[in-house]
Every structure is written in C-alpha cells, then in structure tokens.
Amino acid sequence: MPKNGPIALAFNALVIAFMLAPLLGVCLVAFTPHDTLTLPTTGFSLRWFRAVFEHPDFVQSFWNSLWLALASATLATVLAVPAGIAMTRYMFPGRGWLNGLFLSPLIIPHLVLGVALLRLFALIDGTGHFGWLVLAHALIITPYTLRLVAAALVGFDRSAEHAALSLGASQATVFRRITLPMIAPGVTGGWMLAFINSFDEVTLSIFVTSPSTVTLPVRMYMYATESIDPLMAAVSALMVALTACAMVLLDRVYGLDRVLVGRQ
C-alpha cells in the first residue's frame, strides 16, 4: 500500500496537535502552585491534586460515578448479548424495528433524553433514586455494547456449537462453554466502552441526578458555575488520565480499530 507523503504526515501531525493541545494545557495548569489558572512557570506542584482528594463532595461524586458506570455498563451488557444474538442469527417479524430501537439513543440528543426521563421519573416518583439513574445510563450506552457484540457475532463459525449440540450438550452449556468465550473480546470491549461513556456522561445526568447521586461530571459543572480555580483543572486531568487508561486497556483487549472502524 502507498505510504503517506511528508505533506500528509505534517497535516496529520497538525490535526493531532490541535486536538491534544487543550487537554495538554489543562493537564499543565493542574500542576500550578498558584491560586489562579496559570501555567506552572515557577515550578510544578501537586497541591491541587491533594485538594481534590480532600474535597468530600468530589470524592463522593467520584464514587457515585464509579458505581453508576459499573452498574449501568453491566446492565447494558446483559441486555446487549441476548439482543445481539437474536438480531444476528435469527429472522423474525420486527427484527429491523427492534434493532432501530436499541440503536436509537445514538441519534437522539442527550438533552432531549434527559428532559424526557426527568418528566418520566417525576410521574412515577423515581426522581433521585440511584436505580433509575442506572436505567437511564444503561439506555444511552447499550448501543455501544450492542455494536461490539454484534460485530463479534458476524461471521461467527458455529461448527463448534453444532458439534457440542450433536454430542448432547444443552443450549445453556453451549452458550456458557463455547459461544460466550468466543465472543468474550467483543463483550469485554463493549462493556469497557459503555463504562467510559457512562462515567463521562454529563448532559443527561444533569436532569436525572439528585443531591445524593450527583456524578463527578455534574459536580464539575456545578463547581465551574461557582468558582474557577486550578481545582477544576486537577479533576479534569484525573478524568483524562482515567479515560486514557481505560482506552489503552480497551485497545489491548479488543483493539480500537475494531471498535471505532469496525475492522475485523
């Protein structure tokens, strides 16, 4: 295959630098020893990182986001695996409608979903309950898990399944011992991608959280409306680091080219 020329490489480098510059700027500001948003021209300090862990609201919001992301990603995976198997292996009335229903949160703005869910939770007296917040997040992250599960099932060689069935294994045993291990990379990658999206979600969470279930992105938004200091930069740097580590792990487990491009 032809290689990129120097002009194309330079253009790609400029695009990458343009995209990473704001993130790098925020991370540098997080190490400032001053009380204002300035680059650490006089030295580096971990002062604001210590302040984050000493701030009880941010610590509690982090745990809220962590448990919320774990629960919603797990629920989304539990829903996506049987749905992916049904829609990739079987033909039945309403198959296209069901597929569109599962993927519809990708095209509906989260602002619209947030307002709709707020109204729904108010009608059923579910506002402020952590369980309903989990369901709301599972709704918007299930498409990511479903996409990877379906990609793992496309072109799946079922000869091992047929051999196991012919030898007397039950459907449950075939799924547990053969199917699930073979699609495990797709399931794991979908869970991790769902976890990242749930942990970073802010638009929908603003509408459906309560004072006791405020997530970390919502807490950052609330803090930014009241005060702007390097504490926000430190929290942002920690979230960037957490997301980067999750993406690296996702790349090692499944491959970002298969997740983002669909390459097999």
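Since this is a predicted model, take the numbers as computed values, not measurements.

Criteria and cut-off values
Residues numbered from 1 in each chain as written. Predicted model: local features only at pLDDT ≥ 70, side-chain atom pairs only at ≥ 80, totals over all residues. Heavy atoms only, no water. Helix = DSSP H or I, 4+ residues; strand = E, 2+ residues; numbered from the N terminus. Buried < 20%, exposed > 50% of the residue type's maximum accessible area, 1.4 Å probe, protein only. Contact = heavy atoms within 4.5 Å. Salt bridge = Lys/Arg side-chain N within 4 Å of Asp/Glu carboxyl O. Axes fitted to C-alpha atoms, helices over the stretch in contact; angles between N-to-C directions. Parallel < 35°, antiparallel > 145°, perpendicular 65-115°, else oblique. Left-handed = near helix turned anticlockwise from the far one by under 90°. Nonpolar A, V, L, I, M, F, W, Y, C, P; charged D, E, K, R; others polar. pLDDT = per-residue confidence, 0-100. Core = buried A, V, L, I, M, F, W, Y, C linked by side-chain atoms within 4.5 Å. Phe/Tyr/Trp six-rings, centres within 6.5 Å; stacked < 30°, edge-to-face > 60°.

Q: Which parts of the structure should I look at to understand the overall build of the protein chain?
A: Of the regular secondary structure elements, the protein chain holds 13 helices and zero strands. Each helix and strand of the protein chain, placed in order from N terminus to C terminus, yields the pattern α-α-α-α-α-α-α-α-α-α-α-α-α. With respect to the principal axes defined by its C-alpha atoms, the protein chain has extents near 70 × 60 × 30 Å. Burial status across the protein chain gives 36% buried among its 264 residues. For the protein chain, the proportion of contacts with a sequence separation of at least 24, taken over those separated by at least 6, is 69%.

Q: Whenever I open this one, the pattern of salt bridges confuses me. Can you help?
A: Pairing of side chains with opposite charge becomes possible as their charged atoms draw close. Taken as a whole, this structure holds one salt bridge when the rule is applied. Between Arg-89 and Glu-161 there is a salt bridge, with the nearest N and O atoms lying 3.1 Å from each other. On the criterion of sequence distance, the pair formed by Arg-89 in helix H3 (residues 56–89) and Glu-161 in helix H7 (residues 159–166) is long-range, its members being 72 residues apart. On the accessibility criterion, Arg-89 (22% relative accessible area) is partly exposed. Taking relative accessible area as the criterion, Glu-161 reaches 2% and is therefore assigned buried.

Q: Looking at this model, I keep getting lost on the packing of H3 against helix H6 (residues 130–153). Mind explaining?
A: Helix packing geometry: the angle between the two helix axes and the distance between the axes. With their axes 5 Å apart at the nearest point, H3 and H6 run at an angle of 45° to one another. Here H6 runs oblique to H3, going by the angle between their axes. Crossing hand, H3 versus H6: right-handed. A breakdown of the residues in the contact of H3 with H6 according to their chemical character gives 22 nonpolar, eight polar and one charged.

Q: Looking at this model, I keep getting lost on the confidence of the model for the protein chain. Mind explaining?
A: Detailed reading of the predicted coordinates is not advisable wherever pLDDT is low. Here the protein chain shows a mean pLDDT of 83. Residues at 70 or above account for 94%. The weakest mean pLDDT in the protein chain belongs to helix H13 (residues 256–261) at 57; the strongest belongs to H3 at 90.

Q: Got a minute to help me understand the nonpolar core in this structure?
A: Where a protein is soluble and globular, its nonpolar side chains tend to be buried together. Core analysis: the biggest nonpolar cluster contains 35 residues, and Phe-58, Leu-204, Leu-216 and Met-220 have the highest contact counts within it. Top contributing element to this core by residue count: helix H12 (residues 230–253), with seven residues. Contacts of Phe-58, omitting those with residues within four sequence positions, involve Val-52, Leu-216, Arg-219, Met-220, Tyr-223, Leu-231, Met-232 and Val-235. Judged by nonpolar contacts, the second largest core, of eight residues, contains Val-81, Ala-152, Leu-153 and Phe-156.

Q: Just to check I follow, could you spell out the packing of aromatic side chains for this structure?
A: How two aromatic rings sit relative to each other is given by the distance of their centres and the angle of their planes. Applying the stated rule across the entire model yields nine aromatic pairs. Ring centres of Phe-121 and Trp-132 lie 5.6 Å apart, and the angle between their planes is 45°; this geometry places the pair in the tilted category. Remark: Trp-132 occurs in helix H6 and Phe-121 occurs in helix H5 (residues 110–123); sequence separation between them is 11 residues. Classification of Phe-121 as buried rests on a relative accessible area of 5%. Through successive ring pairs, a cluster of aromatic residues spans Phe-62, Trp-63, Trp-67, Trp-191, Phe-195 and Phe-199.

Q: Can you walk me through the side chain of Ser-65 in this structure?
A: Following the sequence through the fold, Ser-65 ends up in helix H3. Since its relative accessible area comes to 2%, Ser-65 is described here as buried.

Q: In this structure, what is going on with the side chain of Thr-145? I would like to understand it.
A: Mapped onto the fold, Thr-145 is located in helix H6. In contact with Thr-145, not counting residues within four places along its chain, are Ala-76, Thr-77, Ala-80, Gly-190, Trp-191 and Ala-194.

Q: What should I look at first to understand the environment of Met-87 in this one?
A: Topologically, Met-87 is positioned in helix H3. When the C-alpha positions of Met-87 and Trp-48 are compared, they lie 49 Å apart, and in sequence the two are 39 residues distant. When near neighbours in sequence (up to four residues on either side) are disregarded, Met-87 contacts Phe-92, Arg-95, Leu-98, Asn-99, Phe-102 and Leu-146.

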